[in-house]
Every structure is written in C-alpha cells, then in structure tokens.
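Residue strings, one per chain:
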Amino acid sequence: MTTAHPDGIGGSPLRPDGILKVTGQFAYSSDMWHEDMLWGMALRSPHAHARILSVDTSEAVKHPGVYAVMTYDDIPGSKFYGLEIKDQPALATGKIRYHGEAIAIVAADHPETARRALAKIKVEYELLPTITTEEQCLDPETYGYVHTPDEYKGHASGNVVHSQKVVSGLGVTDEVRAMADVVIKGDYVVGMQDQAFLGPESGMAVPAEDGGIDLYIATQWLHVDREQIAPVLGLPENKVRLTLAGVGGAFGGREDLSMQIHACLLAQRTGKPVKIVYSREESFFGHVHRHPAKLTYETGATRDGKLVYCDARIVLDGGAYASASPAVVGNAASLGMGPYEIPNVNMLAVALYSNNPSCGAMRGFGAVQACFAYEAQMDKLAAELDMDPVELRQLNAVEQGSIMPTGQEIDSPAPVADLLRRVKALPLPAPLDTTHLDIREIPGALSNTSHGEGIVRGVGYAVGIKNVGFSEGFDDYSTARVRLEVIGGEPVAMVHTAMAEVGQGGVTVHGQIARTELGVERVTIHPANTEVGSAGSTSASRQTYMTGGAVKLAAEAVRNELLALGRKRYGWTYNDLSLVGGKVVSASAGVLVSIVDLLGDTVIDLTREHHHRPTVPFDKETGQGFGHVQYTFCAHRAVVDVDVELGLVKVVELAAAQDVGKALNPLSVVGQIQGGSTQGLGLAVMEEIIVKDGKVRNPSFTDYLIPTILDTPPQPVEVLELADEHAPYGLRGVGEAPTLSSTPAVVAAIRQATGLALNRVPVRPEHLTGTGES
Amino acid sequence: MRVTFNANGREVEADDVWEGESLLFMLRERLGLPGSKNACEQGECGSCTVYLDGAPVCSCLVAAGQVQGREVRTVEGLADPETGLDDVQQAFVDAGAVQCGFCTPGLLVQTHDLLERNEQPSDNDIREALSGNLCRCTGYEKIMDAVRLASARKCSKSEVSQ
Ligand code: FES
Ligand code: FES
C-alpha cells in the first residue's frame, strides 16, 4: 500500500544535512565547544610489549593549567571493556600490549598544556619480547602469551582469539583431490589497511547535575558505546546519555570505543566539560584496523573448468585485543570460498592475539581478505585451463537456489554471472594516446618522471560475496519512533532513531520512507540519541535494511492508526485506503479527507522495532548453519596502466556492477559503490600500515597513503535491482560489497599487464620492478 | 598575543593566542568558525583550506600570528549573504558530492579558487587542482560531477551577463 512520492523511495532527494555541510554549519564531533571546557589527552606507550613498573604523575599534576591526571587506579568502575570479549583495559595496567596503548590521561586548559603535562609523567617499563608473527603466536609455550590464560576474561585458548572451520561435501581428502584434473595452489598476503576516515576521533563529555554524563560523540552505535562506558564510570546506564555529534566517516573504525571513556572519566573527575580531539597520529593508534591476513588456497577443477574442491586456511592477525575478531573470523570462513559452487570444501579461519595493533571492523569485514585470495586463484586456474577468466567465473557462479559451503541455501537473487557479463560488456576506455600525451594521465602523473615509455596496459576482473547485517544467531534489531502531527496547517512527520549517520545517507532515506508511507511532504529527522531504543550499528551494510525497516514499520503503524481514526469518525468501510499528497484516498471513491482535517490536534507517536529473520551460529566443527541474513554481490572490471620501469600504477578505469535489490536512493547508492571501490583500489596499490616488531612506522597522512583524486579513475556503475523478498522494499545492503572485488580486479589487471604473480597487497613499486621481496 | 585580522569581510580579534597556535585552531576554537576542518593538521589532506589574501592555503600550516592585518576567507564566507549559496556549494549538494562532508569545506574553497582562475577546467585540470584534498567517502566521481556542474552554471551565468 505504498504510494509514489517524488521525494519518496526510489527518488534522489538532497541530503537534509547537505546545506549545513557545505556552509560549514554542520557540527562535527571535533567542533563541540563549551564555555569553561577542558582539553583531554592521553599518554601512549612507545613500546609494543612491556611491563609497567611504575607511573609517576606527581610532576604532571603540579603543572599550571592541569585539572586532572588519571591512571588505571583512578577508574571508579570496572577496568575492562570490549565489543565481544571484555579484554581491553580502559587505561593500561601491569602490561602494555601494543604500540600506542593509553596509560594515563590528563585534562588541562589548553591542548598545549595537556601535551606538556603528559611529557612530565614518568613511566618505568621492563621491555618484554614481542609476539608478532604467526609462528610466535601459535607457540605460546616458547614465546609466551599476549594475555595470560584465564587472567580475567575466562578465555583459555592461548593466543587464538577465535577459529572457525567449514567442511562441506566430502571435505578435502586424497580421494577428492584425485577427482580434479588441475590443482592450483597459492599463498597470499593482505597488508594492514586503515579506515582513515577524515574526521578525527573526538567528542565532548559534559557532567550533568544528576551525577551522570552527557556525551556528544562520533560513533557507529550509540547504545553499544553506552553499554561499555557506563560500567567503567561506575554509573547505571540511564545516567550516561549519548547524543550523536557529526561523524566524519567511519568505515568500521568507530565500532570500538576510542576516546569515549577517557573524556567521561575526566569530566566526572573535574566536574567540567572535557573535549578530546585526536591528532591524525593518535587516530592511527586509537582505533582498530583491518586484519592483515595470510591465506593459503588450494583449488582443484576438472579440465572443463568445473570446480571440484577448495582447501583453504586464513590466518588473521587480531592484534592485542579481541575487538570484533570473532565475527571477522566467522565471515572469512563462511564467505571465504567466494560466490562459487564448490562441491567439496575444507576451510579454517583463525584470528590470533599478538603485540601488533588491534584489528577489528573495517568495510568488508573478513570478506575482503578472502576475496583477494579466491579471485587470484580463479585467474590462475583460468590461465592453467586456457579459459577466459570471466567465463570460468560464470561457469561456477552461484545463483538463486545454490547451496553455500555452510549448507545455507541462497534464497534470493544472486546474479553473479550477470554482474560479470555487465562489467565486461561496458566499452573499454580509449587506449593511451602517446602522440598527444597529457602527463597527468600516466602513472607518476605530475612528477614528470616519464613521457609514456615503459607503460603497459592490463584489464582484470573480480567478483565477491558479502553478507548483510549481523550473523551467527545475533538478534539484530533496530528501533524507530515516528510521530505525525499538524504544524502550521501542514502534516509533519518526525522520525527519531539512534542510527549513526556517518555519511552514508541514512537520514535522507528515512525521510524518503516516511514520505512514501505517510504521503506527507515535510519530514524532520530528530537528532540521534539514546533516548530512543537501539538502532544497532552503522556497519555490515545493515542500516537501511534494519533501521530503514524500523522506520517503515513505525510509519505503517502511524498510518494504520490514522486510518482507524478515520474509520471510527466517518464510518469508512473501504479496504483500499492509502495516504497520498497529504490526503486519505480510496482507490474506488477518490479523496476522502485531508490528513490535516482528520488529525486536527491529535498527535500519533509510535515506536517499532525491526528484527531480521533469525540466524543460527555456525557449527564449530563443520561450519554448517543458516548463519547469514542476506547475501550481496558486486563485480568489478579494472583497467590499469603500469610503468614497468618505475613500478608505478595508474588505474585508468574501475567499472562496477552491483545488485542492490531496490535502490531507495539511486544517487546515494552509486556514491556508496564508488566510494567503496576506491577504498579497495587503495588496498590494491598503496594503503598499508607498516608494523615492524610491533611498532607502527607510518601513523600519518604523509606516510599512510589513501587515494587522491589523481589516483582515482572514472568509475562507471551498473546498478541491478532484483528484489529480495525477505527484505524491506526488497532492498539489499550496499555499502560493503564494492570494497571486496575492486582490490583483486586491480591486481588482476596489473598481473595481466606485467605477467607478474603478485601475491600480496598492496602492490608496491618494488614488487613491479623486481627490486624488493614480493 | 592578540591577533587582529579580517575574517569573511569582518574585522575580528583573538586574544591570548599562544604563539604555537595555527590559523586553523584560532578560527575553530577562538573565533567560532569551525567550518574549516582538522583532519591531519599536517598539510596533507586539504580539509582546512581557506583563502589567505585571496590565495588558498592549508590553515593548519599557517601560524595564527602570521595573519595579523590580513584577509582570511573560509567556507563560512563563500556564500553570498544576499543570493544564498555560492554555485560551488550548490553544485556539491546537487551532485551528491557530500557524504560525511568532512572534506567538503576544503574542497569547496579549492574548487572555488579553480573556477575563479579557470571557468571551464578540463577533467585533468580539475584532478590536478584538487589533488591536495583527500576525500575518503565519495571515490571522487561525484566531486568531479559537482565541479563540472558548478562550472557549467557559472559559464551560463557569465554568458547571460555578457
Ligand atoms: S588539516 Fe590542514 S591539511 Fe589536513
Ligand atoms: S565526504 Fe567524507 S571525506 Fe569526503
């Protein structure tokens, strides 16, 4: 019973926060300001693994302008927090487990005062040998534990955070191997990528008169932040109120806490508002990264290209604390075979504790690493069989009705072969015109390092599979409140949720849904805060599905109540009523009454929760189970120019095709696909946090490179809309899938251009010129 | 120290400025002009770009004291108070070039400057001019669209006025 509205779903109305953002009026979390406020700052460890022998804050406390200095001992409540496993101390005690771990915090009248006070804190360390390699992590008897077993978190598996097997068909045995005509083996490495959102971690904690705290914060999930913050402050949850402040991008990096607890502790202690804004360097230390991974794949196929088996092992470095590692493992294991039908599978995915930086959520979440490996395998196999790599993929592609290695049937459209066909059918960019060369178009661009000699072009393809929403039995839900009333002679809908708008455009979509369901023009979006029920996280491509679904349910409930009011008042017996253009309309009898007249002074204000259909945990030994709510697919074609003399790559074009089920806002959908693709491009050729002996070597935008507009090519996008009958409006989560296949597509194109094997990302110049280890 | 300068056409002064403070900090924390953004404070991302005496600069790299007696124009000063949004601002909203928007103020100032110098830039001109402004969200395609749109609108306006 939905109705068309130009700014309803399927349209592309402008963002409600757009004007504020282009005029500089939009208040991001680092823009918070309060009369009388203090600046908070943290002292961070220069070592990756050390025992703390003593911390002397006496000089820092005396520094003029300093209001508080706090260490572990000053924490009023519980000392540990964490998303899945509460293993992370709010301030370090006893031991340092990674480079940059926070030890003490100060509040001062100026950031420079805070910096100077930090410099006066004396910490004595006893250095411990770092546990950083897979070999060291897996042999704690020899190399030791990152967390002593059963120390405090009831986690007795040594340095293994979590592991998951998936076995299907006959598994992978000698008999199964014998069924294959060709066998392809490969070892792959994925470097540590950073979310590198532009808005630094920041926010302001304001002490309230009731002894509670009001926190204005950039985050992905207000309620789960509160759940972790309140116990550390020793406060009941209802005394910790969070309001979303403007978020400058997130990409998973704000799923864990960063400065939240520190700001609240300092505000509690000083009785004054405390603002914390990370520097870029501190941001690199203060959030979790994408898990670096080692992947070993063995794929068997028949001579005519049908996959027979896949045997794979994925080892993820989880770093010092667990964060979201268990769920990342679940995704890597269950999606690690790609969107292919493989009769026999044996998979093991593991995340390890180490003294490297903690890793957790980042766009693509475990599926990115696997996609790089399985797509490289498909290209190798195609070469071995002398087949077209796209045809080989299409031959083995899953479709609706296929069974995943977890035993789960894909029960909605899965147009993998068609997505590949579409990117392949797009016209190729014109060849490089070496006679009229604009040097801005060639690798190395403006540095005038070449005039086109030594440049070769390659084309590569890839496709990936990602889940939407939280999996493995998690009761994922979201809450929305919708209010309808007459204001100034017009019906106005208000939508209130706790959804974190991190830039993805959820606020636009909520307005579209309310307009569609209620037939009104004006919709206001209430600020997101903890005064309404949880919306869950802005991650896992789930917000439009989950909170969009909740807004739809609440708006439908409001509509039903409004119509019930009309039925009661006017005695309508029609069952063909809808709300269009501010009026109640019967399909048979035409306009009945305006919403304004029907509603009068009545206010309808209803709250609804949206739960997705239940999933179950994967079986520990076999990985079997209906673990995922929804699957989503994206395919890429990359065209690259490689200067083989300089080792430089320029991506000439990056085309994508994705099935989005239903594009609620086509403009935003395309923007998400292009943004996600660009992050994958970054992983392919430049983005890596370099960690040596547990120390981060490049925590700045000078040394950690993300793609600029010169590194990023035109990106044609084909959007398919094959409805998923289980989802609201048939939609499919969009944000993550494009980050998967862009990386292997770019690398495949570089391989095609150069003939090099290239088994690790990012591909660096030395890998292309043969001057470094590959 | 006290710094007196012209911000967006208005004489302003900031007191108790510490000598190590950047122009960015002074604008954001002392003058209530938080539009310029603090993403790296190292001259790498362009989010803090403002006009200083008519030339775009990274305000995080300019010491506050250096702007004594000079003219600063920030994103807050781009829009004409009479006519509403500047063409560049409107085009960024219309083209979907704003996602989280953290890069937007710096990109707007840089694009504004580009179109002042070159009303009809080629794609390569645009990419070159904006190469110092990082955006993590959009993949830049919509930003290209926005600049082309702003250019087209500016050109058609100048044709009309000729
Ligand atoms: S904040 Fe000035 S260039 Fe990044
Ligand atoms: S829109 Fe988020 S950084 Fe550009």
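Small disclaimer: the values here were computed from a predicted structure and weren't measured. (Residues numbered from 1 in each chain as written. Chains lettered and ligands numbered in written order. Predicted model: local features only at pLDDT ≥ 70, side-chain atom pairs only at ≥ 80, totals over all residues. Heavy atoms only, no water.)

## Quick look at the sheet that holds strand β1 (residues 38-44) of chain A
All names here are of chain A.
Phase 1 of the analysis: Pairing within the open sheet is mixed, and its 7 strands lie in the order β3-β7-β1-β14-β11-β12-β13. The open sheet has two edge strands with one neighbour each: β3 (66-70) and β13 (240-244). Sheet twist, expressed as the mean angle between neighbouring strand axes with direction ignored, is 20°.
Phase 2 of the analysis: Bridge count between strand β11 (residues 202-207) and strand β14 (residues 274-277): 4 bridges; the pairing is antiparallel. (Pairing = 2+ DSSP bridges. Helix = DSSP H or I, 4+ residues; strand = E, 2+ residues; numbered from the N terminus. Axes fitted to C-alpha atoms, helices over the stretch in contact; angles between N-to-C directions.)

## Some points on unusual backbone geometry
All names here are of chain A.
Phase 1 of the analysis: With an omega of -5°, the peptide bond between V761 and P762 qualifies as cis.
Phase 2 of the analysis: Relative to the helices and strands, P762 is located in the loop between β33 (760-761) and α19 (765-769).
Phase 3 of the analysis: One non-glycine residue, S323, lies in the positive phi region at around 45°.

## Some details on empty space enclosed by the protein
All names here are of chain A.
Phase 1 of the analysis: Inspection of every chain in the model, using the stated rule, returns 5 cavities of 30 Å³ or more.
Phase 2 of the analysis: Here the largest cavity defines a volume of roughly 250 Å³.
Phase 3 of the analysis: As for the largest cavity, its lining consists of 24 residues, of which Y81, Q88, Y98, F285 and G286 are closest to the centre.
Phase 4 of the analysis: Elements with a contribution of two residues or more to the lining of the largest cavity: β5 (88-89) and α9 (280-286).
Phase 5 of the analysis: Looking at which element gives the most residues to the lining of the largest cavity, the answer is α9, with 3 residues. (1 Å grid on protein atoms, 1.4 Å probe; cavity = no way out; pocket = protein on both sides within 12 Å on 5 of 7 lines; lining within 4 Å. Points joined across faces, edges and corners; volume = space filled by probe spheres on them.)

## Regarding the side chain of N665(A)
Phase 1 of the analysis: The residue N665(A) is located in the loop between β29 (648-659) and α17 (666-685) in this model.
Phase 2 of the analysis: Leaving out residues up to four positions away in the same chain, N665(A) has contacts with G11(A), S12(A), P13(A), T508(A), V509(A) and Q512(A). (Contact = heavy atoms within 4.5 Å.)

## Focus: the pairing of β14(A)
All names here are of chain A.
Phase 1 of the analysis: Neither face of β14 is left uncovered, since the one carrying V274 and I276 and the one carrying K275 and V277 both have all their residues buried.
Phase 2 of the analysis: Direction of pairing for β1 relative to β14: parallel, over a ladder of 2 bridges. For L38, the partnering residue across the bridge sits in β14 and is V274. (Buried < 20%, exposed > 50% of the residue type's maximum accessible area, 1.4 Å probe, protein only.)

## So, the packing of aromatic side chains
We describe a pair of aromatic rings using the distance from one ring centre to the other and the angle between the two ring planes.
Phase 1 of the analysis: Inspection of every chain in the model, using the stated rule, returns 11 aromatic pairs over all chains.
Phase 2 of the analysis: Here Y340(A) and Y374(A) contribute two aromatic rings whose centre-to-centre distance is 6.2 Å and whose plane-to-plane angle is 85°, an arrangement assigned as edge-to-face. Here Y374(A) lies in helix α11 (residues 367-385) and Y340(A) lies in the loop between α10 (325-335) and β18 (344-353), a separation of 34 residues in the sequence. Taken as a pair, Y340(A) and Y374(A) share a single burial class, namely buried.
Phase 3 of the analysis: Between the aromatic rings of Y570(A) and W572(A), the centroid separation amounts to 5.5 Å while the plane-to-plane angle is 20°, which identifies the pairing as stacked.
Phase 4 of the analysis: What makes W572(A) buried here is its relative accessible area of 11%.
Phase 5 of the analysis: The structure contains a cluster of three or more aromatic residues connected by ring pairs, namely F26(A), Y28(A) and F102(B).
Phase 6 of the analysis: In this structure, K21(A) packs its charged tip against the face of F26(A), placed 4.8 Å from the ring centre. (Phe/Tyr/Trp six-rings, centres within 6.5 Å; stacked < 30°, edge-to-face > 60°. Lys NZ or Arg CZ within 6 Å of the ring centre and 35° of its normal.)

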